[in-house]
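Okay, here's what each chain looks like letter by letter:
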Amino acid sequence: MKKFFVSMVIAFSALVMLNGCIVSEDKLTDKVTKGIVEYEQEQGNHLEVIDLKLEKSEGKGYKGVLTGKLNDKDVTYDVTVDDSGDDFDVDWELRQ
């Protein structure tokens, strides 16, 4: 009975940790999307984000691809996120 209880606690802890990672990655994706849209607005552009896919790279970094419409033209950006500090640094480059 004791082994069963311990394994249930470990399984539940793993589930909670996994769920925490998913939520934080969703929040990161939302913040990155908002930051890129706000930057483009400051430049006088209109960016409608269709999708942003981020994947964990090395350390606390992420790489991904943002697709959308910039001033009604289809665009794709390569996105790099460094989440190692208190805040995160985002770099993006328009694919040609």
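Residues numbered from 1 in each chain as written. Predicted model: local features only at pLDDT ≥ 70, side-chain atom pairs only at ≥ 80, totals over all residues. Heavy atoms only, no water.

### Points about the nonpolar core
Buried together is how nonpolar side chains tend to be arranged in soluble globular proteins. Within the largest apolar cluster, 16 residues are counted, with the highest numbers of intra-cluster contacts made by Val32, Leu54, Val79 and Val81. Contacts of Val79, omitting those with residues within four sequence positions, involve Val32, Ile36, Leu52, Leu54, Tyr62, Lys63, Gly64, Leu66, Val90, Asp91 and Trp92. (Core = buried A, V, L, I, M, F, W, Y, C linked by side-chain atoms within 4.5 Å. Buried < 20%, exposed > 50% of the residue type's maximum accessible area, 1.4 Å probe, protein only. Contact = heavy atoms within 4.5 Å.)

### Here we look at a negative patch on the surface
A cluster of acidic side chains, namely Asp82, Asp87, Asp89 and Asp91, defines a negative patch on the protein surface. Locating Asp91 in the fold gives a position in strand β4 (residues 89-94). (Patch = residues over 30% accessible without salt bridge, like charges linked within 9 Å, V, L, I, M, F, W, Y side chains within 5 Å. Areas by Shrake-Rupley, 256 points an atom, 1.4 Å probe, with all protein chains shown as cover. Salt bridge = Lys/Arg side-chain N within 4 Å of Asp/Glu carboxyl O. Lys, Arg positive; Asp, Glu negative; His and termini not counted. Charge placed at Lys NZ, Arg CZ, Asp CG, Glu CD. Helix = DSSP H or I, 4+ residues; strand = E, 2+ residues; numbered from the N terminus.)

### Considerations on the confidence of the model for the chain
When pLDDT is averaged along the chain, the result is 80; 74% of the residues meet or exceed 70. Overall, residues 4-9 carries pLDDT values under 50, and its contacts beyond four positions in sequence, including any with other chains, amount to 0 contacts. This stretch, residues 11-23, has a pLDDT under 50; its non-local contacts, to residues over four places away or in other chains, come to 0 contacts. (pLDDT = per-residue confidence, 0-100.)

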